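What follows is each chain in one-letter form.
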Amino acid sequence: MTGQGRLAGKVALVTGAGSGIGQAAAQRFAAEGATVAVLDIRSELAALTTMLIEKEHEDHAMAFTADVGNAAEIETAVDLVAAELGRIDVVYNNAGTMELGSVEDTAEEVWDQTFGVHAKGTYLTSRAALEHMGPGGAIVNQGSISALVGVQYLAAYSAAKGAVVALTRQMAVDLAPRGIRVNAICPGTCRTPMTEPLFRARGEGDAEAGVAATIPKYPLGRLGTPEDIATAALFLASDEASFMTGSVLTSDGGMTAQ
Ligand SMILES: NC(=O)c1ccc[n+]([C@@H]2O[C@H](COP(=O)([O-])OP(=O)(O)OC[C@H]3O[C@@H](n4cnc5c(N)ncnc54)[C@H](O)[C@@H]3O)[C@@H](O)[C@H]2O)c1
């Protein structure tokens with residue numbers, strides 16, 4: 001676990017690393033020298049990302065399976081990460097799901113499930129990982145622009161992301177005396193499996209039309225990519241951000257600057 005790179009010699013746990021932004025971040029972290037614990041609720045997706053990393057960076061990835069919203073599962077998995085990889089330096093709380101709906105048409109189970117993965121998942125994963133983290137550690141939480149501005153038909157998701165941003169600032173204050181930094185990223189829209197239903201809804205069944213309708217909301221004239229967000233996560237996870245804690249970093253093509 002030595003070598004070069006902005007995360008050289010570090011152990012990084014990435015949740016939801018089987019797809020989209022989490023997969024891009026796991027690959028980027030490994031390229032920067034980290035050994036990555038690739039965690040996902042879907043074991044076949046965790047295995048896929050691990051295989052992609054191992055092809056390029058041997059011995060830099062290991063797959064783990066858990067539901068971040070289930071205390072017993074995530075605690076067992078995180079303890080296994082520490083046992084296998086020695087310790088934990090970086091946690092990227094990225095796992096997530098998104099259900100569309102206004103307050104009026106959001107079912108109670110959808111509300112609870114959404115808070116379960118985003119807010120509770122961030123709390124449970126961080127709680128478990130902190131037992132294995134020391135000074136110099138960094139936690140990066142995945143927020144969203146929907147925590148900062150109103151986005152149509154995303155009631156439960158926006159509220160849960162708001163909770164993640166508030167928890168980020170709170171944890172930053174508690175953990176600063178231990179030398180552990182906690183920051184959040186608020187990404188703008190990226191095209192991933194999670195956002196396909198959003199684009200289909202916006203395009204009245206046609207995802208391409210939904211993408212075309214979304215782009216004008218972005219001053220830079222394009223959607224984000226998982227790699228854009230992975231770059232921001234890498235920065236916050238690395239020692240380059242050593243004076244940053246409690247920050248909420250937008251990576252959103254100027255969407256919330258308007
Ligand atoms: N794509 C975007 O436009 C966008 C914008 C802002 C924020 N985000 C956030 O980024 C994160 C990643 O989103 P994405 O677009 O890459 O989605 P994605 O669907 O491509 O990937 C999410 C991954 O999380 C996993 N996952 C879901 N529930 C889980 C659970 N309970 N425990 C463990 N793993 C779980 C999924 O299996 C999947 O592999 C999410 O938190 C999302 O809310 C995405």
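Per an unreviewed UniProt entry, the protein is named SDR family oxidoreductase, and its organism is Actinomycetospora endophytica. Per UniProt, the protein carries the Sequence similarities (unreviewed entry) text "Belongs to the short-chain dehydrogenases/reductases (SDR) family."

On to the overall build of the protein, then. Across its full length, the protein carries eight helices and seven strands. In terms of overall dimensions, the protein has C-alpha extents of about 50 × 35 × 35 Å along its principal axes. Here the protein holds 258 residues, and 51% of them are scored as buried. A separation threshold of at least 6 residues defines the contact pool for the protein, and within that pool the share at least 24 residues apart is 72%. Summing over all exposed atoms, the protein offers an accessible surface of approximately 11,300 Å²; the carbon and sulfur share of this is 54%. Averaging the locations of the 17 positively and 30 negatively charged side chains of the protein gives two centres separated by 6 Å.

On to the nonpolar core, then. Core analysis: the largest hydrophobic core is formed by 29 residues, its most contacted members being F29, V36, V38, Y92 and I185. When residues of this core are traced back to their parent elements, those giving at least two are β1 (11-15), α1 (20-31), β2 (35-40), α2 (43-56), β4 (90-93) and α8 (226-237). The biggest single contributor to this core is α8, with seven residues. Apart from residues lying up to four places away in sequence, V36 is in contact with A12, V14, A26, F29, A30, H60, A61 and M62. Core analysis: the next-biggest nonpolar cluster, separate from the first, contains 27 residues, V81, V117, M171 and L175 among them.

Moving on to the packing of α1 against α2. What describes two packed helices is the angle between their axes and the distance between those same axes. In contact at an axis separation of 10 Å, α1 and α2 are set at 30 degrees when each is read in the N-to-C sense. Between α1 and α2, the crossing angle belongs to the class labelled roughly parallel. Handedness of the α1/α2 crossing: right-handed. When α1 is examined against α2, the residues Q23, A26, Q27 and A30 are found in contact with a partner set consisting of L48, T49, L52 and I53. Its residues assigned to classes, the contact of α1 with α2 comprises five nonpolar, three polar and no charged.

On to the environment of A172. Looking at where A172 falls in the secondary structure, it is placed in helix α5 (residues 155-175). On the basis of relative accessible area, A172 is assigned to the buried category, the value being 5%. For A172 and V182, which are 10 residues apart along the polypeptide, the C-alpha to C-alpha distance reads 4.9 Å.

With that out of the way, let us pick up the site of the ligand. In the vicinity of the ligand there are 31 residues, among which S19, D40, Y157, C190 and T192 approach most closely. S19 has a polar side-chain atom sitting 2.6 Å from an oxygen atom of the ligand. Contacts to the ligand include G20, whose backbone N or O atom sits 3.5 Å from an oxygen atom. When residues of the shell around the ligand are traced back to their parent elements, those giving at least two are α1, α4 (108-130) and α5. Residue classes in the shell around the ligand are distributed as 12 nonpolar, 15 polar and four charged. In this structure, the shell around the ligand is formed jointly by two domains, domain 1 (11-188 + 227-249) and domain 2 (192-223), each of which donates at least three residues.

What follows covers the sheet that holds β1. If you walk across this open sheet you meet the seven strands as β3-β2-β1-β4-β5-β6-β7, and the pairing is parallel. Bordering the open sheet on either side are β3 (61-65) and β7 (248-251), each of which pairs with just one other strand. Averaged over all pairs of adjacent strands, the angle between strand axes in this sheet comes to 20 degrees, irrespective of strand direction. Relative to β7, strand β6 (residues 181-187) is paired through four bridges, and the arrangement is parallel. By the bridge assignment, P187 is partnered in β7 with S251. Against the sheet, α8 makes contact with β4, β5 (138-142), β6 and β7, and its axis sits at roughly 165 degrees relative to β6, the strand it touches most.

Reading the values: rules and limits
- Residues numbered from 1 in each chain as written.
- Predicted model: local features only at pLDDT ≥ 70, side-chain atom pairs only at ≥ 80, totals over all residues.
- Heavy atoms only, no water.
- UniProt positions renumbered as here; feature names shortened; annotations may be inferred.
- Helix = DSSP H or I, 4+ residues; strand = E, 2+ residues; numbered from the N terminus.
- Buried < 20%, exposed > 50% of the residue type's maximum accessible area, 1.4 Å probe, protein only.
- Contact = heavy atoms within 4.5 Å.
- Areas by Shrake-Rupley, 256 points an atom, 1.4 Å probe, with all protein chains shown as cover.
- Lys, Arg positive; Asp, Glu negative; His and termini not counted.
- Charge placed at Lys NZ, Arg CZ, Asp CG, Glu CD.
- Core = buried A, V, L, I, M, F, W, Y, C linked by side-chain atoms within 4.5 Å.
- Axes fitted to C-alpha atoms, helices over the stretch in contact; angles between N-to-C directions.
- Parallel < 35°, antiparallel > 145°, perpendicular 65-115°, else oblique.
- Left-handed = near helix turned anticlockwise from the far one by under 90°.
- Nonpolar A, V, L, I, M, F, W, Y, C, P; charged D, E, K, R; others polar.
- Near = heavy atom within 4 Å.
- Polar contact = N/O pair within 3.5 Å; in protein donor to acceptor, adjacent residues only side chain to side chain.
- Domains from an automatic or database assignment.
- Pairing = 2+ DSSP bridges.

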